[in-house]
Amino acid sequence: MQDDFRPTVPGEYREEREDDIVLTEEGLKRLQEELDYLKNVKRWEVAKRIEQARSFGDIMENSEYEDAKHEQAFVQGRIMEIERILNNARVIREEEIDLSEVTLGSTVYLEDVQRGEEMRFRLVSAAEARGGQGCLSDQSPVGKAILGRRSGEVVDVQVPSGVIQYRILRIER
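Note that the coordinates shown come from a computational prediction; the quantities given were computed from them, not determined experimentally.

**Quick look at the overall build of the chain**
Thinking step 1. If you tally the helices and strands in the chain, you get 4 helices and 7 strands.
Thinking step 2. Reading the chain from its N end, one meets helices and strands in the order β-α-α-β-β-β-α-β-α-β-β.
Thinking step 3. Counting contacts in the chain only where the partners sit at least 6 residues apart, residues at least 24 apart contribute 57% of the total.
Thinking step 4. Entry remark: accessible area of the chain is about 10,700 Å², with carbon and sulfur atoms responsible for 47%.

What follows is the structure in structure tokens.
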């Protein structure tokens, strides 16, 4: 994997910037792997599809060609998005996660007060939440409501159907 992008990692000093994107070490690894796959596998698969579609003749009325070109644009857009995220990444270490309140990187156990159901989420930045199993974006309604709160607190979350109350059961790394 190419190391084109160097996020700020633990132990390195860099002035914090307004456009910093906070990632966990796990989220950084996932994004680097996705970037590697898109650049070294997916991009070439799409190029082969375009080449094959061209061989079918007139590209003006060729739906396979159009589909492949749209996929190529999507892949290139995602590559650019990940590169931007990695260029602005600030990585937080597990030991930096404050267990006294919900912060980025915290694993949070919530209880739906009305239903009594327990849920477990890792609170991450919106950039990391995309496609992350068990991840909750800090920009989501629940994420915004629990950020900075402590164990035992009950938070109200406004949803289209009304208000849901969640109790923060515990906070872990």
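**Focus on helix H1 (residues 25-54)**
For the α-helix, the turn length of 3.6 residues means that residues three or four positions removed from each other point alike.
Thinking step 1. Here H1 contains 30 residues, and its C-alpha end-to-end distance of 42 Å stays within 8% of the 44 Å for a straight helix at 1.5 Å per residue.
Thinking step 2. The sharpest bend along H1 comes to roughly 40°, located at leucine 38.
Thinking step 3. Tucked inside the fold, the buried residues of H1 contact strand E1 (21-24), helix H2 (63-87), strand E2 (89-92) and helix H3 (126-129).

**Brief notes about the pattern of salt bridges**
Thinking step 1. The final tally for this structure, using the stated rule, is 15 salt bridges.
Thinking step 2. The closest approach of N and O atoms between glutamate 153 and arginine 149, which form a salt bridge, is 3.0 Å.
Thinking step 3. Salt-bridge contacts for glutamate 172 lead to arginine 170; the nearest nitrogen and oxygen are separated by 3.2 Å.
Thinking step 4. Beyond isolated ion pairs, a larger network of salt bridges with shared partners links Glu26, Arg30, Glu94 and Arg122.

**Considering the packing of aromatic side chains**
Thinking step 1. As enumerated under the stated definition, the model contains 0 aromatic pairs in all.
Thinking step 2. The ring of tyrosine 109 carries arginine 170 above its face, with NZ or CZ at 3.7 Å from the centroid.

**Some words on the sheet that holds strand E5 (residues 135-137)**
Thinking step 1. In spatial order, the strands read E5-E4-E3-E7-E6; together these 5 strands make up an open sheet with mixed pairing. The two strands at the open ends of the sheet, each matched to only one other strand, are E5 and strand E6 (154-159). Between one strand axis and the next, the sheet turns by 45° as a mean value, whatever way the strands run.
Thinking step 2. Where strand E3 (residues 107-112) and strand E7 (residues 162-172) come together, 6 bridges link them in antiparallel fashion. Note on E7: the bridge partner recorded for leucine 110 is isoleucine 168.

Procedures and definitions
Residues numbered from 1 in each chain as written. Predicted model: local features only at pLDDT ≥ 70, side-chain atom pairs only at ≥ 80, totals over all residues. Heavy atoms only, no water. Helix = DSSP H or I, 4+ residues; strand = E, 2+ residues; numbered from the N terminus. Contact = heavy atoms within 4.5 Å. Areas by Shrake-Rupley, 256 points an atom, 1.4 Å probe, with all protein chains shown as cover. Expected span 1.5 Å × (residues − 1). Bend = angle between axes of the 7 residues up to and from the residue. Salt bridge = Lys/Arg side-chain N within 4 Å of Asp/Glu carboxyl O. Phe/Tyr/Trp six-rings, centres within 6.5 Å; stacked < 30°, edge-to-face > 60°. Lys NZ or Arg CZ within 6 Å of the ring centre and 35° of its normal. Pairing = 2+ DSSP bridges. Axes fitted to C-alpha atoms, helices over the stretch in contact; angles between N-to-C directions.

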